[in-house]
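Examining the three-dimensional arrangement
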Amino acid sequence: MTLSGKRQDLLSTLRSRTGHWVSGEELSGELGISRAAISKHISAIKGLGYAISSAPGKGYLLTEAPDLLLAEEILFGLGTSVMGKNGIVHHHLTDSTNTRARELARDGAPEGTLVVAESQSAGRGRKGRSWLARPGEGLLFSLVLRPDMDPSRAALITLMTAVSVAEALIRETGIDARIKWPNDILVGGRKLAGILTEMSMELDAVDYVITGLGLNVNTPTEAFSPDIRDIATSVMAESSAPFSRVALLQAILSSFETHYHTLATQGPESILTRWKELSDIVGRRVRVSMMREEIEGRVTDIDADGVLLVTTDAGEALRILSGDVTY
Ligand code: BTN
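Residues numbered from 1 in each chain as written. Predicted model: local features only at pLDDT ≥ 70, side-chain atom pairs only at ≥ 80, totals over all residues. Heavy atoms only, no water.

**Comments concerning the side chain of Lys180**
Tracing the backbone through its elements, the reader meets Lys180 in strand 6 (residues 178-180). Buried within the structure, Lys180 lacks any salt-bridge partner; Asp184 is the closest side chain of opposite charge, at an N-O distance of 4.5 Å. In terms of polar contacts, Lys180 uses its side chain to reach the backbone carbonyl oxygen of Val325, at 2.8 Å. The contact partners of Lys180, leaving out residues within four places of it in the chain, are Leu186, Val325 and Tyr327. (Helix = DSSP H or I, 4+ residues; strand = E, 2+ residues; numbered from the N terminus. Buried < 20%, exposed > 50% of the residue type's maximum accessible area, 1.4 Å probe, protein only. Lys, Arg positive; Asp, Glu negative; His and termini not counted. Salt bridge = Lys/Arg side-chain N within 4 Å of Asp/Glu carboxyl O. Polar contact = N/O pair within 3.5 Å; in protein donor to acceptor, adjacent residues only side chain to side chain. Contact = heavy atoms within 4.5 Å.)

Written as structure tokens, this is what we have:
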């Protein structure tokens, strides 16, 4: 359930006066509705998990907002104009936000539509892997995009998302986030986040792209199973303090919108430059596991389509579109 119209306005008014009582009379005057209607809307807002005290002669006091990725929370202070502004769908539990976003996109959802979940029963990663996260501890979301680009350049969306996420993490949390080609965000060699980009084409043009992010935010180290404890981490584990998931999501969406606009208007150059700074893969010796073979060589560059260029030990120049890289 999301709030609409007057309810959203009422919540915004209470939020802007957090810590202060606001009388029913004042609210009724400001919103242009009866005091009985105010009381009804307050019950609905409480139903979402907000704690609101009420006292005769004093009015209403917002004391606590739920730690949920509700549209009401995300929109409050969101500085974007498209990303998250054209519809937010919140799920307490869904199979996969990418799947939900794909369905919405197929039904015509506009660019910037955001699907968020507190938990997923079938979170998907690349190559058929799964993405596991305990309820309420991470950021699990997908964005509907409708880029005017050649499908062969879709890899740039993943690179651009990685740059946006790494930059937002560095800015908001101070942790030294790095990008691992093509879709991982690491800290100190441990994975903090993964990106799953899925594209639908019509004829030779992109119909829509779904970019999904799984980011471990307030996951305690013990929550990672022993077999992945050495390779997975969270914002909380890295910074020793819990973090606001809403604030991180807002920062990621802002950064994303800026880079997405740059990609559309100026092309990929500045994003690729930033990607190279945040990744440190160029020049390294790597082993790349692909579907049918494994190669070793040195990364010479990443090209304008976001493809990894590797020269093998035998001197062969390869364009790697997809694979698992170790270095
Ligand atoms: C990977 O590391 O291979 C990518 C993981 C992507 C996981 C996110 S969680 C939100 C969105 N919904 C999904 O089913 N997958 C992505």
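And the narrative resumes.
**Regarding the side chain of Thr173**
Take Thr173: it is sitting in helix 6 (residues 155-173). Residue Thr173 is classed as buried on the basis of its relative accessible area, which comes to 14%. Separated by 2.6 Å, the side chain of Thr173 and the backbone oxygen of Leu169 make a polar contact. Of note is the side chain of Thr173, whose polar atom sits 3.2 Å from the backbone nitrogen of Ile175. If sequence neighbours within four positions are ignored, Thr173 has contacts with Ala168, Val235, Phe243 and Leu248.

**Thoughts on the nonpolar core**
In this structure, Phe141, Leu169, Ile185 and Leu215 are the most contacted members of the largest nonpolar core, which totals 62 residues. For this core, the element with the highest residue contribution is helix 6, accounting for ten residues. Here this core gathers at least three residues from each of two domains, domain 2 (71-279) and domain 3 (285-326). Setting aside anything within four residues of it in sequence, one finds Phe141 in contact with Thr97, Leu114, Val115, Val116, Thr211, Gly212, Leu213, Leu249, Ile252 and Leu253. In this structure, Leu27, Ile38, Ile45 and Tyr60 belong to the second largest nonpolar core, which totals 18 residues. (Core = buried A, V, L, I, M, F, W, Y, C linked by side-chain atoms within 4.5 Å. Domains from an automatic or database assignment.)

**Some words on the site of the ligand**
If you check the shell around the ligand, you find 20 residues, and the closest are Ser96, Gln120, Arg124, Arg126 and Lys191. In the model, a nitrogen atom of the ligand is placed 3.0 Å from a nitrogen or oxygen of the Thr97 side chain. Contact between the ligand and Gln120: a nitrogen atom at 3.0 Å from a side-chain N or O atom of the residue. Summarising the interface, the protein chains cover 98% of the accessible area of the ligand, which totals 410 Å² for the free molecule. Broken down by secondary-structure element, the contributors of at least two residues to the shell around the ligand are helix 5 (97-106), strand 5 (138-145), strand 8 (190-202) and strand 9 (205-216). (Near = heavy atom within 4 Å. Areas by Shrake-Rupley, 256 points an atom, 1.4 Å probe, with all protein chains shown as cover.)

**So, the domain arrangement of the protein**
The assigned domain composition of the protein is domain 1 (5-64), domain 2 (71-279) and domain 3 (285-326). Relative to domain 2, the C-alpha centre of domain 1 lies at a distance of 34 Å.

**Examining the sheet that holds strand 3 (residues 88-94)**
Pairing within the open sheet is mixed, and its seven strands lie in the order 3-4-5-9-8-7-6. Of all the strands in the sheet, the pair left with one neighbour each is strand 3 and strand 6. Across the sheet, the mean angle from the axis of one strand to that of its neighbour is 20 degrees, orientation sign disregarded. Bridging between strand 7 (residues 184-187) and strand 8 involves four bridges; their strand directions are antiparallel. Note on strand 8: the bridge partner recorded for Val187 is Arg190. Strands strand 3, strand 4 (114-120), strand 5, strand 8 and strand 9 of the sheet are contacted by helix 5, whose axis makes an angle of about 155 degrees with strand 9. (Pairing = 2+ DSSP bridges. Axes fitted to C-alpha atoms, helices over the stretch in contact; angles between N-to-C directions.)

**Quick word on the environment of Glu198**
With respect to the element layout, Glu198 can be found in strand 8. Overall, Glu198 belongs to the buried group, its relative accessible area being 15%. Reaching out from Glu198, the side chain makes a polar contact with the side chain of Arg124 at a distance of 2.6 Å.

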